Structure formats: C-alpha cells, structure tokens
Amino acid sequence: MTRLFISRDSTALSLGAEQVVKAIQQQTAAQGQSVDIVRNGSRGLFWLEPLVEVETAAGRVAYGPVNSADVASLLEAGLLEGKSHPLYLGNIEELPYFKNQNRLTFARVGLTDPVSIDDYLAHDGYRGLQNALKLQGAEIVKQVTDSGLRGRGGAAFPTGIKWNTVLNAPADQKYIVCNADEGDSGTFSDRMIMEGDPLVLIEGMTIAGLAVGATQGYIYLRIEYPHAKQALNQAIAAAYARGYLGENILGSGKTFHLEVRSGAGAYICGEETSLLESLEGKRGLVRFKPPLPAIVGLFGKPTIVNNVISLASVPVILDKGGEFYRDYGMGRSRGTLPLQLAGNIKYPGLFEVAFGITLREILYDYGGGSASGRPIRAVQVGGPLGAYVHEGQFDTPLDYEAFAAIQAVLGHGGIVVHDDTVNMAEMARYAMEFCVEESCGKCTPCRIGSTRGVEVIDRIVAGTDKDQNTVLLRDLCNTMTFGSLCAMGGMTPFPVLSALNHFPEDFGLPKGKA
Amino acid sequence: MQDYQNQRSTVLQILDEHQSMPGSLLPILHAIQDTLGYIPPAAVADIASALHLSKAEVHGVITFYHYFRETPPGKHTIRICRAESCQSMNSKGLEKHAKAKLNIDYHETTADGQFSLEPVYCMGNCACSPSIAIDDEVYGRVTPEKFDQLLACKGAE
Ligand SMILES: Cc1cc2nc3c(=O)[nH]c(=O)nc-3n(C[C@H](O)[C@H](O)[C@H](O)COP(=O)(O)O)c2cc1C
Ligand code: SF4
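Quantities reported herein were computed from a predicted structural model and do not represent experimental measurements.

## Observations regarding unusual backbone geometry
In this structure, Pro 65 of chain A follows Gly 64 of chain A across a cis peptide bond, with omega equal to -10 degrees. Residue position: Pro 65 of chain A is located in the loop between β4 (59-63) and α3 (71-77). A cis amide bond, omega -5 degrees, links Ser 129 of chain B with the succeeding residue Pro 130 of chain B. Although it is not a glycine, Leu 250 of chain A adopts a positive phi angle of roughly 50 degrees. One can find Leu 250 of chain A in the loop between α11 (226-241) and β8 (257-262). A positive phi angle, near 65 degrees, is found at His 107 of chain B, a position not held by glycine. Structurally, His 107 of chain B can be placed in the loop between α6 (91-102) and β2 (108-109). Take His 107 of chain B: its relative accessible area is 57%, and that puts it in the exposed class.

Below, the structure written as structure tokens:
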C-alpha cells in the first residue's frame, strides 16, 4: 500500500489539508486503489502547505501547495508513483530552506507519525531517556548544564541551573510544569512540536522528572491550540500503554505521571508564577519572587517550569551529550533556536538554526523579503514585548547578548515582519493597548500606566502639546520599566520606545529628534 | 436565558467528576462551558460550595480569563486575531469588514443568534496571517471575500 504524508498541523489545516485528505481518499477509493495517509507534523515551509508527500522506492517525493481541486490532476499525473506535475517539488529535504537548517529539536517533525511510539523509536526516540535511566539525577542535570541550554520561553535563564535548584530542594513532592502558553504573536514553535512530535516533549519532561525526583508533570496548554491538545493526549496515552509513562517506567522502578491542563485565554498566564496560580485554580495574578518556583512552586512544592522548546531539546542532549549540543551556536548562546518567520514575509515558516545567523539572512535568504513585495520597514523580534528593529540593525547576529546590546530581545524566537505601509505610532499604541488588555492588575504602573500610555500616544499623534507629551511618554515608560513586578509592564516600553526612537516621523515628530 | 434548573444536574455531575483533582477549578469551568456553551451565573454558588470557596472567588476567576463567558454564545463563535502578525497583513481591514457584515461589535451576538464575535490575540497561525477561527476551526490568509464565503457556509449549516 502506498504511504502518503499530509500534515495534521494547525496551519496546514487552516489552508485546507483536511479537504485534500478527503479528496485523495475518495478518488483513490473510486479507482480501487488503497492508500495509507499518515498525518504527520509540518515540515515548516508554510507557503508550500498543504504539502503532500508520497513514499516511493526512490525516497519521499513532495507536492505543494496542494488544493483539493488539484487532486484529480495529481492522481492522473501519477502522484502515487512520485511522477512529475506542476506542483512537484521533489525531496523536500533537498530544498535550501530545509537543507541548511540544524534540526536538533525538530529532527522528527514532519518526518514521522507524531503519535506512533514505533515510529518515534525508529527515528532515535527515547534514546535520551534510556541514557537518563542509567544516570543519577545530578549526572542528568550536569549534561543539561554542560549543553549551555538557556530557557527558550523568553528569559533565557540557564536550564541546568534551574534544574539544579529543584534537585537540591528537599521535598516529599516535586513537579515538572511545561509552559505551553505560547502567547507571543509570530510564534508557533511550541505548537509545531506538540502537534508534530509530542513524544519528544513527553520524553524531555520524563527526563526532567528523573533528574530532580519529580513524579508528576503538567503541560499548561493555551486554549487556542485544540489540535495540539488532541495530539498530546494521544501521545500521552500511547506512552502510558507502552510503559514510558506511569509507575515503574520501563521496569526502572521510577514513576512519572503527565497531564494536560488548558489555559483560558490570558496572555499573562505565560508568566511562570501566574501560570502556577492558574494551575492551582486561581486568577493568574503574578507572584512576588523570591521565593523562586524552583523552591516554592506548584502547590507550594519545588517545581521546574520550562518552555516547550527547552524541554523538547533535552532528549537530544541526553542522547548525544551536552557537548554535542554546545558545539552549535556562538558566544553564550549555545545550540539552536527554532525561528518562526511570520507576518508580511514571502516564505513564512519555521526553521531551526544554530545561533549566529544574522537577521538579514533570516529575512532575505530564508524569508525572500516581504510578501507584498514592498520594502521591509520594521521587524518585531521576540513577541509583543520585543523591540521593533529597523533596517540599520539587520546585521545583528542571532545571539541573546548581541540583541540585548541593541535594546532588543530574542524571546521565544518569533519574528514578525512589517512592510513600509506600517504605521509605527499605531503599533506603539497597540503595544500599550495589549498591556491594558492583558495586565494581571497587580501593579499600578502596568495596569494604569498602560491606559495612560494609549492616551498620551493619541495626543502626540493628534498634535496636542507634542513635545511635552513625548517627554511624558518617555517618563511613563521609565516608570513602567522600573515599577512593574513582571515583564508585562516592565517590557511593554520596548516596542513603544523602539517605535518612537526609530520611526519618530510616524508620530508626527521630526526624524532624529524624538 | 435557559432555566438553571435544567442545567444544574450537568453542573453537579461535572463537580462530582472533578472531586479528587488538584487545582480543579479551571478544568471544571472548561467542562461546564464545553457542555453548556457558557458558565451560567447561577452555577457559581454550586461551584463555590463544592470547592469550599466564596462565590466572589469563583466569580473572580471566571471574569479574569477572557475565554470564559457568562452568557450563551451564538450558534457559531467567530474569533478574529488582533495580534501583530495579522496586523501586518491587514487584519484591521478584515476586522472592519467582519463587524460591518455581521453588524455587531466584539463580544456581541447577531440578532438571529447565529454568530458571536470575539477578539483573539494570536492562534499560532502567524505564518498565514490574517487568521480567524470559527468554532474550533482556524482559517489562514483570510480576505474579506473568503470571510463572506465562510460565513455563507456556516450560516447554511
Ligand atoms: C508576560 C509574560 C508572558 C510569558 N509568556 C510565556 C509563554 O507563553 N511561554 C513561555 O514558555 N514562557 C513565557 N514567559 C516566560 C516565563 O515566565 C518563564 O520564564 C519560562 O516559562 C521559563 O521557562 P524557560 O526557562 O524554559 O524559558 C512569559 C513571561 C512573561 C513576563
Ligand atoms: S507588571 Fe503587570 S502583569 Fe506583571 S505583575 Fe504587574 S500588573 Fe501584573
């Protein structure tokens, strides 16, 4: 039977992948042919989705973007034998966009059946766990520390150090919490892992549990990701059924239980202490730190809170060793970052590369410039709390420290591109508006300051006491930066001030004088 | 609005099923909204007493989260993404079109009860902006024309 691969990824579905599956099933059945359609993750080349891959004697052959209306002509041309057609792409892994990547964390995404343990095992899955089962907790933590992995959720805190704190915190119960709230616009790497290779996240969390002696894990998943929830629950059930989760994992005597919990549409619940409050069934009010969640976390117990990508990078580290991972990257940014290229860009998608690549290479070599064909004017890196970066800064390498040096952040690796029709005063206003909408309300500079921020920007744009109000806006941003408990209020000034500083003309202010 | 007496047995059953779950309030609220479409204000007292919380605490949680609603939704809920990536691909134009076409604003339901309109901040579909969701289905690269087609499809269901 011919094997076909058509993605179950949300973005592929949003472009009609399900209709393509149905059309192929109906038309092949009508011709008396039988096909086995594997619902894989996406390869991440979204301008080619829905992508159809067929397994042939000569390897996998891809076609895309396929519309359900193309199916008849594809079948006629010999899709099932990998024959030629206008939508023929050949081996997707040979396209430069794919070939030039360093796919460590995303190695299996798009390749395998996401919820098949056998497929996972056949592609190096659970080798990290097998190694971890032979090690002491402290030895596992050492591998993670040696890898140089820093948290991919935004703050870039060294993962090994966090784990070590939890390891050394004595308690009768500890928890592993996966932050799958992925609220930043322009990001979808967590989603793609959870839909495309959920077992790698499950394996990473299990290893974390072994490392620090935690027996219960929770994945806090945003409600906007129903397909990820389905894939995770299928994969968790499969892992339980085969003894990779539960009591006595693979006969080791070790226990790890895992459960998915849904968020409810609050951006602030991505902040780790707000997330813990939410998991406990409360409003997502940010907690004061210290105590750190590593010491007093979920239900008052020592807790690892890590981003999906951080945890999903652990299996390859335990499989190939911390040094293998550390050998990628530059400076203090080790390993790889799955970049998500979105917005007004010709070739949007996800590609995983070692740190060090420049923004210009990302935008033009991978991205192919804007989707509209107009000049790229501003790029927001690192989500709604990230700075807007302008053309003059495009040669900055992908590196946490290099971005900090230009008052920008990498965050979770999302890049949103705007062409020259963007109005940056509107984007600055939106940043304040978003803070009004999503503030947890605990501190005044964030809760009230953001409302005032919207008003002040409106006044500047309307031309009312421009100079005075510009001073006021800067002053307000300063108060928010230094008077907020968390980065929601503390970093909203990043997009606002970068817009004001780099694009004063959009605020009706003279260039170079804002 | 439906009579809570008809919904109460559902709520009590959900409360019963979650008795031994740690941190069960959000899962309970989700289960109620999944089943009834919203969280009836009259259910708050039952939830509070089952979890040994005050009614104010339960109400506080319901109102903190954008996703929970206390009024019945239309037959279909349309969510339009307002976040940056979609803005870069003219979601504001789409937003304006949708509001005019449906003749409602955000957080409202059409007079015929067919559609509710809600804003959403990112659905992770940023590679194919602008995006909307209708119920559980996400649609990418949505133009005003495509919006009208989707509306016609759903309206005919
Ligand atoms: C407003 C706000 C939103 C955040 N949202 C997320 C999120 O959606 N996902 C995430 O992993 N981290 C998010 N973070 C960062 C978390 O607080 C925390 O640093 C992270 O989960 C730790 O995991 P890591 O070390 O693996 O990155 C957010 C932080 C703030 C202040
Ligand atoms: S900065 Fe804003 S979101 Fe963060 S704790 Fe203060 S009020 Fe809450």
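Further notes follow.
## Observations regarding the site of ligand 1
All names here are of chain A. Lining the immediate surroundings of ligand 1 are 18 residues, of which Gly 153, Asn 179, Asn 306, Asn 307 and Ser 310 lie closest. Asn 307 is positioned such that a nitrogen or oxygen atom in its side chain is 2.8 Å from an oxygen atom of ligand 1. The protein chains hide 91% of the 610 Å² of surface that ligand 1 would expose on its own. Per-element tally for the shell around ligand 1: the top contributor is strand β9 (residues 303-307), with three residues. Grouping the amino acids of the shell around ligand 1 by side-chain chemistry returns four nonpolar, eight polar and six charged.

## So, the pattern of salt bridges
All told, the structure shown has 39 salt bridges over all chains when counted by the stated rule. Of the charged contacts, one joins Asp 172 of chain A and Lys 301 of chain A as a salt bridge, the two residues approaching to 3.0 Å between their closest N and O atoms. Linking Asp 172 of chain A in the loop between α8 (159-167) and β6 (175-180) with Lys 301 of chain A in the loop between α12 (272-279) and β9, this pair joins segments that are 129 residues apart in sequence. Residues Arg 82 of chain B and Glu 95 of chain B are paired through a salt bridge, measuring 3.3 Å at the closest nitrogen-oxygen approach. With Arg 82 of chain B in the loop between β1 (76-81) and α5 (84-87) and Glu 95 of chain B in helix α6, the pair connects residues that are 13 residues apart, well separated along the chain. Here Arg 82 of chain B matches Glu 95 of chain B in class, with each residue buried. Residues joined by salt bridges that share partners form a network here, namely Arg 429, Glu 433 and Asp 458 of chain A together with Arg 82 and Glu 95 of chain B.

Cut-offs and rules
- Residues numbered from 1 in each chain as written.
- Chains lettered and ligands numbered in written order.
- Predicted model: local features only at pLDDT ≥ 70, side-chain atom pairs only at ≥ 80, totals over all residues.
- Heavy atoms only, no water.
- Helix = DSSP H or I, 4+ residues; strand = E, 2+ residues; numbered from the N terminus.
- Buried < 20%, exposed > 50% of the residue type's maximum accessible area, 1.4 Å probe, protein only.
- Near = heavy atom within 4 Å.
- Polar contact = N/O pair within 3.5 Å; in protein donor to acceptor, adjacent residues only side chain to side chain.
- Areas by Shrake-Rupley, 256 points an atom, 1.4 Å probe, with all protein chains shown as cover.
- Nonpolar A, V, L, I, M, F, W, Y, C, P; charged D, E, K, R; others polar.
- Salt bridge = Lys/Arg side-chain N within 4 Å of Asp/Glu carboxyl O.

Everything listed is a geometric property; what it means functionally is a separate question.
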